[in-house]
Amino acid sequence: MLPEELAGALLPWYDENARDLPWRRGVTPYRVWVSEIMLQQTRIEAAKGYFERFMAALPDIPSLAAAPEETVLKLWEGLGYYSRARNLRKAAIAVMEKHGGALPADVKALRSLPGIGDYTAGAIASIAFGLPEPAVDGNVLRICARLTACGDSIGDERVKARFREALRAIYPRERCGDFTSAVMELGETVCTPGTPDCAACPLADLCAANTAGKQTDFPVMPEKKPRRIQPKTVLLLKHEGRTALRKRPDRGLLAGLWEFPNADGTLTEAQALALARAWGCEPISAAPCGEAVHIFTHIEWHLSGWRIECAAESERFTWADAAERQSVYAVPTAFRAFKNQL
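This one's a predicted model, so the numbers in the text were calculated from it and none came from an experiment. (Residues numbered from 1 in each chain as written. Predicted model: local features only at pLDDT ≥ 70, side-chain atom pairs only at ≥ 80, totals over all residues. Heavy atoms only, no water.)

1. A short note on helix α3 (residues 44-57)
In step 1: Between its first and last C-alpha atoms α3 spans 20 Å; for 14 residues at 1.5 Å apiece the expected length is 20 Å, and the two agree.
In step 2: Burial in α3 covers these residues: I44, A47, Y50, F51, F54 and M55.
In step 3: Buried residues belonging to α3 abut α2 (29-39), α4 (61-66), α5 (69-76), α6 (83-98) and α11 (176-189). (Helix = DSSP H or I, 4+ residues; strand = E, 2+ residues; numbered from the N terminus. Expected span 1.5 Å × (residues − 1). Buried < 20%, exposed > 50% of the residue type's maximum accessible area, 1.4 Å probe, protein only. Contact = heavy atoms within 4.5 Å.)

Here is the structure:
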């Protein structure tokens, strides 16, 4: 299904064009694993600094397994999709308990760990352990769809499975990790969404979509459902240099993270003051403090805010000064616009 010459054409290009990325230096299973989890839903440029800070603080599986959840979440602060960080820690604990502190060189065993699916298991197996296991993500699906001019939706699990098996059949056994990285690199830098740079592509002569002049017709994407709009009002409750925080529930969106108190809907000044009073904060004055939109996969938060000076600190909240907010409490990116107001 995929051209057998693919690896022979792609690997020399990768040798000359591979970017210098921090997780490609001193490759270990742990570094590959953390980088692949970080790069899910995160741009490479954004992940670089986070990866280096994470490695400096938690350089190996034992240190990650022993770290308090709050520490891991604080290191992750701003990356979003915090379940990734929780699953990293849970998986590290499982590796310590079941695998002697070392990631297993087995795809099935890797997939059994929290947060590791087919893609991440394939990336670790091939890049860290040299096994012929493909890591099939959106970049890889796009390349495969264009190479074969596949008219089926790449959201179809059967299509993903078909391409996974087709890739496995042509893996170069002596350079499995490089081949996985090379396919990723091509999708990130050349065979990009929209208009690919076919003139710079080492696979141009092997590509059915390029030969037909229909590169932009592929891949066929799954239909997207519209996101639900959810208005919310954020209250920056202030007292003597401290700001109120509360912890979100352990389940659901942004589970277990810290947030500024907020309420559904768009509150007027009078409503915001009444809510602060009901919470026991004895509000003195209120001033608007901006608006923001934060987009999740299926929901959009449309946020407005009130900065409220209070005469008392309600026991229902945790009150933190600037240093504590910076070093202790992980407040998600959804509230960044209001953090900046402080």
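2. A closer look at the pairing of strand β1 (residues 228-239)
In step 1: By the criterion of burial, β1 is predominantly enclosed, with nine of the 12 residues buried.
In step 2: Examined bridge by bridge, β1 and strand β6 (residues 299-310) share 11 bridges and lie parallel to one another. By the bridge assignment, Q230 is partnered in β6 with W301.
In step 3: Taken together, the three bridges between β1 and strand β4 (residues 262-264) define a ladder with antiparallel strand orientation. Bridging from a neighbouring strand, V234 pairs with N262 of β4.
In step 4: From the end of β1 to the start of strand β2 (residues 242-247), which pair antiparallel, there are two residues, and E240 there has a positive phi angle of about 50 degrees. (Pairing = 2+ DSSP bridges.)

3. Topic: the pairing of β2
In step 1: Two elements, β1 and β2, share two bridges in a ladder whose sense is antiparallel. The residue of β2 that forms the bridge with H239 is R242.
In step 2: As defined by bridge partners, β2 adjoins strand β7 (residues 318-320) across three bridges and the pair is classed as antiparallel. The partner of T243 across the bridge, within β7, is A320.
In step 3: When β2 meets strand β3 (residues 258-259), the two strands line up antiparallel, connected through two bridges. Among the inter-strand pairings, R246 is bridged to a residue of β3, identified as E259.

4. Focus on the packing of aromatic side chains
In step 1: Counted according to the given criterion, the structure contains 10 aromatic pairs.
In step 2: When the ring of Y30 is compared with that of W33, the centres are 6.1 Å apart and the planes differ by 70 degrees; the resulting orientation is edge-to-face. Here W33 and Y30 lie together in helix α2, a separation of three residues that amounts to about one turn. Across the pair, W33 and Y30 agree in class, each one buried. (Phe/Tyr/Trp six-rings, centres within 6.5 Å; stacked < 30°, edge-to-face > 60°.)

5. Here we look at the pattern of salt bridges
In step 1: Taken as a whole, this structure holds 26 salt bridges when the rule is applied.
In step 2: Put simply, E45 and K48 hold a salt bridge, and the shortest N to O gap is 3.0 Å. Here the residue E45 and the residue K48 both occupy positions in helix α3, the gap between them amounting to three residues, near one helical turn.
In step 3: Its relative accessible area of 53% is what places E45 among the exposed residues.
In step 4: The class of K48 is partly exposed, set by a relative accessible area of 24%.
In step 5: Salt-bridge contacts for E259 lead to R246; the nearest nitrogen and oxygen are separated by 2.8 Å. You can see E259 sitting in strand β3 and its partner R246 sitting in strand β2, a full 13 residues away along the chain.
In step 6: Among the residues examined, E259 registers a relative accessible area of 4% and is labelled buried. (Salt bridge = Lys/Arg side-chain N within 4 Å of Asp/Glu carboxyl O.)

6. Quick word on the environment of A199
In step 1: Inspection of the secondary structure puts A199 in the loop between α11 and α12 (208-211).
In step 2: For the pair A199 and N340, spaced 141 residues apart in the sequence, the C-alpha separation amounts to 44 Å.

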